[in-house]
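Structural features, examined
The chain contents come next:
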Amino acid sequence: MTKFTPRHTATLLLALFLFGCGGGNDAAQGGSTVSQSGSGSGTSGGTSGGTSGGTSGGTSGGTSGGTSGGAATAALVAKLGKPSRVLVGLGAGNSLPQMQSQSIHPDIVDTYLVGVGAGSWPTWNSPDGAYITYTAQAVQAYGATPMFTFYQMAQNGGGNLSGINDATFMNNYWAQARLMYQRIAALNAPVLINLEPDFWGFVWAEAPGHDPAQIPAVVSSQAECSGLPNSAAGIGQCLVQMGRKIAPNALLGFPPSFWSGSPAEIGAEMKAVGAHQADFIVAQTSDRDAGCMEVASPPAECAGRTGSFYWDENNIATPNFHQSQSAISDYRTALSNGLPILWWQTPMGVPSTTPGGTNQHYRDNRVDYMLRNTQEYGDIHTFAIVFSAGGSFQTTINTDGGQFARLLGLYLAQGGAVLR
């Protein structure tokens, strides 16, 4: 029986719902041409006065990680044809009709591509992967750059790596990767791709000596990757090499998982899988609103984690924003290729002094802090921040009481954060 992670389950259920709607994008996967229902009543606790500093104030908690980052960051934004500032995007749970109703015009719209084989993304609304084409075209027509989160490795369960050395599974996996690149190539416009969230964390946890080269995998059987190693390391290298050969308009990013190990150790792992050969770094912010994990409800989506979840906006107590910035800056230094950073799946809850919240109305302060102090992120070579729900019960623009629309408007009115 197929096993699914909570992230996979929520995404797939909403994808299957929209499969029956005859076109349009998945409301739980990024942009959408299909509207999503919601209470629209705002999150519990209301909006706070926010953090100070504005988009130009504050200092970064991290290190610069290299001298060439500024040019690389500006060059990537220019390649996207976007304004020369830190870009702001939306993803899972936020549909295009919802954005339009609030006059929200993101720079980037992110969409999940989930599964391998029957019921996976190439079959959504069409049998040949056209989902990518009409999703991207809808996003482009709205004035945004399409981004796809390629999330196929969760098919057998997030921590189950048995499929990567199974020829049948991997031939299907690679055929779908090739199809994705072919569809993106045909768009003849820049597209961002986030390659396999969570998977690299499971590889780190299971590989002998945390070395991805020590886990066997089916790789070199693919024509585009015939000279690459048959290992988990080779999977990442093949995703890059296949993308370069088929879709030169695809801009690739890898998401490291800081579940254990130092940024330097994770950097060594990700260099082995070819992350330094990509175009950008994907910094995973969190897949849940803080309040959801504080109340651990609903259990399937919010339980099973311990610790403090609400970040200190004064950057004194742990966890806080400067610690997060420092970790990804140190990882960037370890990767040693001066890549720009995209913060991804940033929770959308509303600040509150009261812990917790309820379904789609949980507290969190990352939208508030990151859109008020965006220059801190620009100073560590960030080129974009993408906000989205990491599950079907998390806060979205439809349930945040207008927080995102208001803060994005203020950010843009101030001219945006400077690229470094």
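Relevant structure appears above.
All values derive from a computational prediction rather than experimental measurement.

1. Let's talk about the nonpolar core
Of all hydrophobic cores here, the largest spans 107 residues; its most connected members are Ile235 and Phe404. The greatest single-element share of this core, amounting to nine residues, is contributed by helix 5 (residues 167-187). Excluding anything up to four places from it in sequence, Phe404 contacts Val88, Gly89, Leu90, Ile104, Met348, Val367, Leu371, Phe387 and Ile397.

2. What about the side chain of Gln152?
Counting through the fold element by element, Gln152 comes out in the loop between strand 3 (145-151) and helix 5. Residue class for Gln152 comes out buried when judged on its relative accessible area of 0%. Engagement of the side chain of Gln152 in a polar contact is seen with the side chain of Trp121, the distance being 2.8 Å. When residues no more than four places from it in sequence are discounted, the contact partners of Gln152 are Leu113, Gly115, Val116, Trp121, Tyr173, Gln176, Ala177 and Glu196.

3. A closer look at the packing of helix 6 (residues 199-206) against helix 8 (residues 263-272)
Following both chains from N to C, one finds helix 6 and helix 8 inclined at 105°, their axes separated by 11 Å at the closest point. Relative to helix 8, the element helix 6 lies roughly perpendicular. Residues Trp200, Val203 and Trp204 of helix 6 lie in contact with helix 8, whose contacting residues are Glu265, Ile266, Glu269 and Met270. Counted by class, the contact of helix 6 with helix 8 contains five nonpolar, no polar and two charged residues.

Quick notes on the rules
Residues numbered from 1 in each chain as written. Predicted model: local features only at pLDDT ≥ 70, side-chain atom pairs only at ≥ 80, totals over all residues. Heavy atoms only, no water. Core = buried A, V, L, I, M, F, W, Y, C linked by side-chain atoms within 4.5 Å. Buried < 20%, exposed > 50% of the residue type's maximum accessible area, 1.4 Å probe, protein only. Helix = DSSP H or I, 4+ residues; strand = E, 2+ residues; numbered from the N terminus. Contact = heavy atoms within 4.5 Å. Polar contact = N/O pair within 3.5 Å; in protein donor to acceptor, adjacent residues only side chain to side chain. Axes fitted to C-alpha atoms, helices over the stretch in contact; angles between N-to-C directions. Parallel < 35°, antiparallel > 145°, perpendicular 65-115°, else oblique. Nonpolar A, V, L, I, M, F, W, Y, C, P; charged D, E, K, R; others polar.

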